[in-house]
Amino acid sequence: MDREVILPREREPSLRIEDFGEVVSCYTEEEAIREASRCLQCKEPLCINSCPVNIDIKKFIAQIKKRDYKGAYFTIREKNNFPSICGRVCPAEYRCRKSCVLTKKDDTFADKKAIQINFLERFIGDYGVRNNLEATSLKDERLSKFKVAVVGSGPAGLSVAGELARYGVKVVIFETLHKPGGVLRYGIPPFRLPEEILDGEIDYLKKIGVKIICSFIVGRTKTLEELFNEGFSAIFLGVGAGVPSLLGIKGENLSNVYSANEFLTRVNLMKAYRFPDYHTPINIGRRIIVIGGGNTAMDAARVAIRLQVMNKITPSVSVFYRRTEKEMPARRLEIEHAKEEGVKFNFLVQPKEFIGDKDGFVKRAVFLKCRLGEEDSSGRRRPVVIKDSDFIEDCDLIIVAIGLKPNQVVTKSVLGKLDINKEGEIIVNPNTMETTFRGVFAGGDIVGGEGTVIEAMGMGKRASRGIISYLLSCGEKFSP
Ligand code: FAD
Ligand code: SF4
């Protein structure tokens, strides 16, 4: 039997940095079958327990091997509404692949021998999209009289909307931005998740009756109470964690210092790279510094290098991170891709101050060197600043990607009715995802803090079950 890992083909780094086209290809049928054939079909498949939504990985891989792609699609859809998205962005190296028995046990990132579960999932997800496979309708007449508002169109909101619509509930999604998708649209660049994949999944929701209203801020345009008064029987809050954390250092307000969220939104959502065809320009520096070590930092660095190449600027993008590569929370694949594309990495360094010119534009960054200290609450070794270790780097653009906090527009509009914790995250019953405000449910990053796409979708799925039980128990009382 063929035991060699089959990796998907990737575009050449020197070519792919010239545009925003997708980097990793989908398996061919032959490649998928060869990879699926390596699976040992373990008696106790550890991969399944490591999946946040417990997809029956063993079963869908066996179905691929038998060329039953339709069967494999529906096996995945039992737990995950958007396999073509998760197959592209799931941090499998930290989850299912890491637990696969074929992973060498003594090296955290040596999962190269593991079954490439995420790429197989993508193969099946794309097969489903290409063949217009639709999850079976579970229409329940008792539910068709109810209308539910979903606030936010990220993975949590899309997942709730899809599930409720399958049961025949009328769903309206309200989204602040002018296009739906949340981070899938404005954060993750198209070279990782092409727009047509996201659009295809959103079009499917519209086809099954979900209405999407954009440019609508719940908490401002309308309050939760107003939505209830308009006949919505329940409300789901999937408003994410879209507020950037700040460094709190001198010079952070200089021009050409961007938060990664603003930078990525300008490029991915507002198409800044196509200015003046699109109206949101962006300053493209000659020496770009990115601060942070997560997925957002990797996306910002890889977008920045593309912008430089597209503008015929010699690429110069450097990531500065206060721990070492081992502690970086970004996906290993994205780190490798960033390196291949020419992004430089500086570890154990922390910014102290940004210095501008007389017109207020950033020109230099002062850094301090660090060493690793004791483990912190996240289990990673804490960076400790080394005294008098200052050094200066020239730059003309800085992108700060050090984390995100909950967006509190909605929660602040219902203070006292909806309990939040000290981080501003909404407190829910973890089984039903119901909040302390009756009839209001929540999920995704606004509940768990910065997480992953599949975790947000999983919470959405759980919330849809909670909402359905709630609607059925309310009966006529909430009938619109
Ligand atoms: P979001 O995706 O943030 O969506 C929330 C939506 O709610 C937004 O569209 C927002 O505009 C809208 N909204 C907010 N307030 C209101 C309001 N008052 N009224 C109406 N609408 C409102 N995870 C992975 O698994 N893999 C990755 O590779 C990965 N890469 C990432 C890259 C970046 C740059 C970022 C920022 C995150 C990444 N993540 C990744 C994390 C993942 O994207 C999030 O965990 C996930 O998107 C959270 O989903 P959500 O639905 O809770 O919120
Ligand atoms: Fe297959 Fe690995 Fe899961 Fe075993 S742990 S069933 S080999 S994917």
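Note that the coordinates shown come from a computational prediction; the quantities given were computed from them, not determined experimentally.

Asks: Report on the layout of surface pockets, specifying residues and quantitative values.
Replies: Empty space within the second largest pocket amounts to approximately 370 Å³. Taken together, 16 residues form the lining of the second largest pocket, with Arg97, Lys112, Arg332, Leu333 and Glu336 sitting closest to its centre. Here the lining of the second largest pocket takes five residues from helix H15 (residues 332-340), the largest share from any one element. Per-class residue counts for the lining of the second largest pocket are five nonpolar, two polar and nine charged. Summarising the domain contributions, the lining of the second largest pocket has at least three residues from each of domain 1 (13-130) and domain 3 (246-404).

Asks: I'd like to hear about helix H2 (residues 29-37), residue by residue, with values.
Replies: Looking at H2, one finds that the buried residues are Glu31, Ala32, Ile33, Glu35, Ala36 and Ser37. Lining the buried residues of H2 we find helix H4 (57-65), helix H5 (69-77) and helix H8 (117-130).

Asks: Explain the site of ligand 2 residue by residue, including any values.
Replies: Taken together, Cys39, Leu40, Cys42, Pro45, Cys47, Cys100, Val101, Ile115 and Ile117 form the complete shell of residues around ligand 2. When its residues are assigned to classes, the shell around ligand 2 shows nine nonpolar, no polar and no charged.

Asks: Please set out the packing of helix H13 (residues 260-269) against helix H14 (residues 295-310) residue by residue, giving values where relevant.
Replies: Each pair of packed helices can be summarised by the angle the axes make with each other and by the distance between the axes. The contact between H13 and H14 brings their axes to 10 Å, and the two run at 50°. Here H14 runs oblique to H13, going by the angle between their axes. In the crossing of H13 with H14, the sense of the turn from one axis to the other is left-handed. Residues Ala260, Phe263, Leu264, Val267 and Asn268 of H13 form the contact with H14, whose own contacting residues are Thr296, Asp299, Ala300, Val303, Ala304 and Leu307. Split into classes, the residues belonging to the contact of H13 with H14 amount to eight nonpolar, two polar and one charged.

Asks: Just give me the short version of the pairing of strand E8 (residues 317-321), but keep the residues and values in it.
Replies: Burial of E8 is extensive: five of the five residues sit out of reach of the surface. In this structure, strand E7 (residues 288-291) lies alongside E8, joined through four bridges in parallel fashion. Residue pairing in the sheet places Val290 in a bridge with Val319 of E8. Taken together, E7, H14 and E8 form a β-α-β motif whose crossover is right-handed. Pairing analysis gives four bridges linking E8 to strand E9 (residues 344-347), with the strands arranged parallel. Paired with Ser318 across the strands is Lys344, a residue of E9. Once you follow E8 into H15 and on to E9, the crossover reads as right-handed.

Criteria and thresholds
Residues numbered from 1 in each chain as written. Chains lettered and ligands numbered in written order. Predicted model: local features only at pLDDT ≥ 70, side-chain atom pairs only at ≥ 80, totals over all residues. Heavy atoms only, no water. 1 Å grid on protein atoms, 1.4 Å probe; cavity = no way out; pocket = protein on both sides within 12 Å on 5 of 7 lines; lining within 4 Å. Points joined across faces, edges and corners; volume = space filled by probe spheres on them. Helix = DSSP H or I, 4+ residues; strand = E, 2+ residues; numbered from the N terminus. Nonpolar A, V, L, I, M, F, W, Y, C, P; charged D, E, K, R; others polar. Domains from an automatic or database assignment. Buried < 20%, exposed > 50% of the residue type's maximum accessible area, 1.4 Å probe, protein only. Contact = heavy atoms within 4.5 Å. Near = heavy atom within 4 Å. Axes fitted to C-alpha atoms, helices over the stretch in contact; angles between N-to-C directions. Parallel < 35°, antiparallel > 145°, perpendicular 65-115°, else oblique. Left-handed = near helix turned anticlockwise from the far one by under 90°. Pairing = 2+ DSSP bridges. Right-handed = clockwise from strand over helix to strand, strands pointing away.

Don't take any of this as a statement about function, it's just geometry.
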